[in-house]
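# A closer look at the structure
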Amino acid sequence: GGDSTGENVVVGGENVWAYNTFVNYDLFPSRSFPILVYFKETQTPEEFWNVGPGEQANSEEAIAKGAVPGQVHFFPAIANTEDLIKGFEEHGCANIE
């Protein structure tokens, strides 16, 4: 059907992740002025986690500060971000500090 979002341009594979693999999220630059939505998940094979922005997000320094290892994703905030936040929180995904 026409429901596919296609292949992930960075690591390949379909852009579909189970909520229970989401480890954290945030809105950039802020919740009151969202331009990008960020989330990190652990469903993508671990060998891809340090690709692109994952290198910094999964660094020893980030992990020491409490980051959870995983694959980083960003997408434009062209949706009702309050609904997105509600979905993240209902599925136990933590907001990064």
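Report on the accompanying structure. (Residues numbered from 1 in each chain as written. Predicted model: local features only at pLDDT ≥ 70, side-chain atom pairs only at ≥ 80, totals over all residues. Heavy atoms only, no water.)

Taken in spatial order, the 4 strands line up as β3-β2-β1-β4 in an open sheet, and their pairing is mixed. Of all strands in the sheet, those with a lone pairing partner are β3 (71-76) and β4 (94-95), marking the two edges. Both strand β1 (residues 22-29) and β4 contribute to a ladder of 2 bridges, which runs parallel. Bridge assignment links Y25 to a residue of β4, and that residue is N95. Running over the sheet, helix α3 (residues 81-90) touches β1, β2 (34-41) and β3 and is turned about 160° from β1. (Pairing = 2+ DSSP bridges. Helix = DSSP H or I, 4+ residues; strand = E, 2+ residues; numbered from the N terminus. Contact = heavy atoms within 4.5 Å. Axes fitted to C-alpha atoms, helices over the stretch in contact; angles between N-to-C directions.)

Another point: the layout of surface pockets. In this model, the largest pocket occupies a volume close to 470 Å³. Along the walls of the largest pocket sit 21 residues, with Y38, A57, A62, A67 and I96 positioned nearest its centre. Looking at the lining of the largest pocket, the elements with two or more residues in it are β1, β2, α1 (54-57), α2 (60-64), β3 and β4. Residue contributions to the lining of the largest pocket peak at 3 residues, all from β1. When grouped by side-chain class, the residues that make up the lining of the largest pocket number 12 nonpolar, 5 polar and 4 charged. (1 Å grid on protein atoms, 1.4 Å probe; cavity = no way out; pocket = protein on both sides within 12 Å on 5 of 7 lines; lining within 4 Å. Points joined across faces, edges and corners; volume = space filled by probe spheres on them. Nonpolar A, V, L, I, M, F, W, Y, C, P; charged D, E, K, R; others polar.)

Keep in mind these values describe shape, not function.
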